[in-house]
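Single-letter residue listing:
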Amino acid sequence: MSNPLIDNPNQTPDFQAVKPEHFLPAIDAAYDESMAIVDEIKNCDDLPTFENTIEPLEKTSRAMSRIFSIYGAFYSNKSSKAIEELYQPLSRKAQKLTKEIFQDDALAARFKSVYDARDTLGLDDEQIRVLQELYGEFEESGTLLSPADREELNTVDEAMIDFCAQYKSNLAASTNQQAFIVSQAETAGIPEDTLASMEENFAQAIAGISAGAKDADKEFYEELSDEVKQHLQTAGNAKGYLFVPERLAIDTLLGIAEDRGFREKIFNALNNTGTEAPYTNEAPIRLLQEYRQKRVEILNRGRPQNEQYKDYTDYALSKTMAGSLAAVEALFDEIEAPLLKRFEEEIQTLTEFAAENGQNDPLEPWDVPFWTERYKKETWGYDSKELSEYLEVGNVIEGFIDHASELFNIRFEENKNYSTISDDVRAFDIYDDKGGYIGILHMDLFARTGKRGGAWATTYQSATDGKPVISAMNCNLPKPAAGKPALVDPVQVTTFFHEAGHSLNMLLGTRSRYPILHGTSAHASDFTEQQAMVQERWAFEREVLKRYAKHYKTGAAVPDALIEAKLESESFMADRQPLLIIQNARRDFLFHSTNPSRYRNTADIHEKAKLDSPVADMIRPYPLTRFDHLFSSPQSSYAAGYYSYLWADTCAADLFSFFKDSSLYDTARGVALREFYADGCARTTHETFNRFAGRAPSTSAFRKEYGIDTPAAHSSEPDNKPKPS
Ligand SMILES: [Zn+2]
């Protein structure tokens, strides 16, 4: 059987030719290829050197990650039951390879002899970083443990793959289970393209009823609730709307849907995902919690007494830029109280405003985005729907390309010849200012069946063995009906710039000659979110917006008054986002610090980790049962790491302030920022940051952006106060 995953390993992936049945043989072939390298290192008769041991060792995971990256594209962007079912066997095989390599005592001995002599071998900084990364792999894999402890670690690791698989499959099914029929009356205020998506969901569900239905449609129908199924069966061929949580940007919808009952329903549908039988996630995440703690306990057995991890949170933070829970707590302490104080005042304002405008019932969390929009319109004349008319997706893409080209002195050229995961995807070749080839960017922007919710960026192919890096950025914009414009709301534009920022990091971050140090691979998310979050900040700058925001019908440039209204109203309720991150992070930390014997259920954690404020409920934190960041893989870098979004946001504000305070496209700063991206993981996070800023990160720009730049903070501390770490 020909297999596109095996036959042409050096060609760009042919997504159209890959079928689910290709993955298992391909992963076996990748396994053998890697083990052949391992044997070669072990059979080498010469004394271990960096060249004959470390360099080949660095290559051992390449074949496997190549297959996994392509599998990831299918899993996230074009999934099906057949693809979902491959998660377990593929993950197990990858784990087996890691253990085979990093628990091999003969190999470890060769590695150790180079590692121990590292200061005498004349190695450069990058080679030292490679050694440190690999040392971490050996330690993580249990090399320092006794054979019995290793065995226990392997059992724990294997079980965690199963718990994650269970979590993921529950989440996918539960998302469909929470879907509900939307009546005509409930659609007030919802834009056409969103309605079109809901109509498509409905049609897909109806299609799933018939005997000859496609598998994907049948599976979708099967997972719907009995209530929805009954409705569909009596609906016949009629049209209708079916709301599926995760397939749409909920916050956007909460801001514009006029029917209060509908808002409450979408809010609850999201909250209840993963909580109802037969798809409840309480059990798999409880087990993950217990096994993560167990894993740390086992690793501790190989560590000296004074270097023991206290719990999973302590372990996870030891690998980050923040470095410790104390450093994160110090950041929270600095900004939480002033943000919360302002948020409480804003909620009071909104409560009064809603009452004046006819809502007599108390304000609920599903009302907050809606009344915020109204309040901004009445107070500053700002209407996000009006601005959306200037944000057609093609213009936004052009706008981003224009911005990134100028900032980094690079060039994008659309290339329609690449095979892509869906016909919706647009692919671009990227070149540097001297015509040198940088890599390929895939943009997959629209929601569809089989694509997971949210937005993310990933690497489809690493820059190894002469191949170009391929990065993909993914959003879930509602796909407009044929011939209609795809209007994007401002929040989605920010998300677009964010994910594109991650992709730029993956594309540009290949400076090191060792791919293990490329892109985002070796650094924690409190650093790798910075490259994404700093890009967001250009999106709505006056001069940038004026370049790309053109009316979808008339082509007219966005009026100055609308830009001013947007900028003036921006800070109202802006504090909700960092507070949401703090609230989510507290849940995450408490969950990962709790002794398993004292862990009762998620509701208990939610209650104990609640922000100390009467309006805490007005923030929509993520329920643990659908907190994908934490459970998408056994050792997700966001587990005990959700705080990263806040840590990185303060650093990104700091990075951006160098432009904001001089010129948005300052040439020298642009070069320096490109270097920041180009570093990838070739230096430590602090080194890369300091090289750009000339000092450690400061929260001062963040406090200024969020309007919590209290006079006290100014008078008692120098402007460039470094963050405690
Ligand atoms: Zn991100």
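The structure displayed is predicted, hence computed values, not measured ones.

1. Some words on the domain arrangement of the chain
No. 1: Parsing the chain into structural domains produces domain 1 (4-144), domain 2 (178-271) and domain 3 (391-557).
No. 2: Once you take the C-alpha centre of each, domain 1 and domain 3 turn out to be 28 Å apart.
No. 3: Listed by partner, the interface residues are 28 residues for domain 1 and 31 residues for domain 3.
No. 4: Of the roughly 2,400 Å² buried where domain 1 meets domain 3, counting both sides, 52% is carbon and sulfur surface.
No. 5: Between Arg511 and Glu126 there is a salt bridge, with its nearest N and O atoms 3.7 Å apart.
No. 6: Viewed at the interface, domain 3 and domain 1 are joined by 17 residue pairs in polar contact (both at pLDDT 80 or more).
No. 7: Ranked by residues supplied to the side of domain 1 that touches domain 3, first place goes to helix 4 (residues 62-77) with eight residues.
No. 8: Tallied by class, residues from the side of domain 1 that touches domain 3 come to nine nonpolar, nine polar and 10 charged.

2. Points about the coordination of the zinc ion
No. 1: The protein atoms that coordinate the zinc ion are His498 (NE2), His502 (NE2), Glu529 (OE) and Glu529 (OE), at distances spanning 2.1 to 2.7 Å.
No. 2: All donor residues of the zinc ion come from one chain, and their arrangement in sequence is H-x3-H-x26-E. Pair noted here: His498 is in helix 21 (residues 490-508) and Glu529 is in the loop between helix 22 (525-528) and helix 23 (530-539), with a separation of 31 residues, a long-range link. Both residues of the pair, His498 and Glu529, count as buried.

3. Quick word on the sheet that holds strand 4 (residues 426-432)
No. 1: Strand order across the open sheet formed by five strands is 3-4-5-7-6, with mixed pairing between neighbours. Pairing within the sheet leaves two strands with one partner each, and these edge strands are strand 3 (410-414) and strand 6 (456-461). Going from strand to strand, the sheet's axes swing by 25° on average, the running direction of each strand aside.
No. 2: Note that strand 6 and strand 7 (residues 469-477) share five bridges and pair antiparallel. From the neighbouring strand, Ala457 faces strand 7, where its bridge partner is Met473.
No. 3: Seen against the sheet, helix 20 (residues 393-408) touches strand 3, strand 4, strand 5 (437-446) and strand 7 and runs at an angle of roughly 150° to strand 3.

4. A word on the pairing of strand 5
No. 1: Counting buried positions along strand 5 gives nine out of 10 residues, so the element sits mostly inside the fold.
No. 2: Sheet analysis places strand 4 next to strand 5, joined by six bridges and oriented antiparallel. Among the inter-strand pairings, Tyr431 is bridged to a residue of strand 5, identified as Tyr437.
No. 3: The hairpin turn running from strand 4 into strand 5, its antiparallel successor, is four residues long, and Gly435 in that turn takes a positive phi close to 85°.
No. 4: Across seven bridges, strand 5 lies against strand 7 in parallel orientation. Note on strand 7: the bridge partner recorded for His442 is Ala472.

5. Section: the nonpolar core
In a soluble, globular protein the nonpolar side chains are often hidden away together inside.
No. 1: In this structure, Phe23, Phe412, Phe496, Trp538 and Tyr548 are the most contacted members of the largest nonpolar core, which totals 188 residues.
No. 2: At 12 residues, helix 17 (residues 325-356) tops the list of elements feeding residues into this core.
No. 3: Built from parts of two domains, this core gets at least three residues from each of domain 1 (4-144) and domain 3 (391-557).
No. 4: With sequence-adjacent residues up to four places away left out, Tyr548 is seen in contact with Tyr390, Leu391, Asn395, Val396, Gly399, Val493, Phe497, Ala539 and Phe540.
No. 5: Within the second largest apolar cluster, 17 residues are counted, among which are Tyr241, Leu254, Ile266 and Leu270.

Definitions and cut-offs
Residues numbered from 1 in each chain as written. Predicted model: local features only at pLDDT ≥ 70, side-chain atom pairs only at ≥ 80, totals over all residues. Heavy atoms only, no water. Domains from an automatic or database assignment. Contact = heavy atoms within 4.5 Å. Buried area = accessible area lost by both parts, 1.4 Å probe. Salt bridge = Lys/Arg side-chain N within 4 Å of Asp/Glu carboxyl O. Polar contact = N/O pair within 3.5 Å; in protein donor to acceptor, adjacent residues only side chain to side chain. Helix = DSSP H or I, 4+ residues; strand = E, 2+ residues; numbered from the N terminus. Nonpolar A, V, L, I, M, F, W, Y, C, P; charged D, E, K, R; others polar. Donors = N, O, S within 2.8 Å, 3.2 Å for Na, K, Ca; no water. Buried < 20%, exposed > 50% of the residue type's maximum accessible area, 1.4 Å probe, protein only. Pairing = 2+ DSSP bridges. Axes fitted to C-alpha atoms, helices over the stretch in contact; angles between N-to-C directions. Core = buried A, V, L, I, M, F, W, Y, C linked by side-chain atoms within 4.5 Å.

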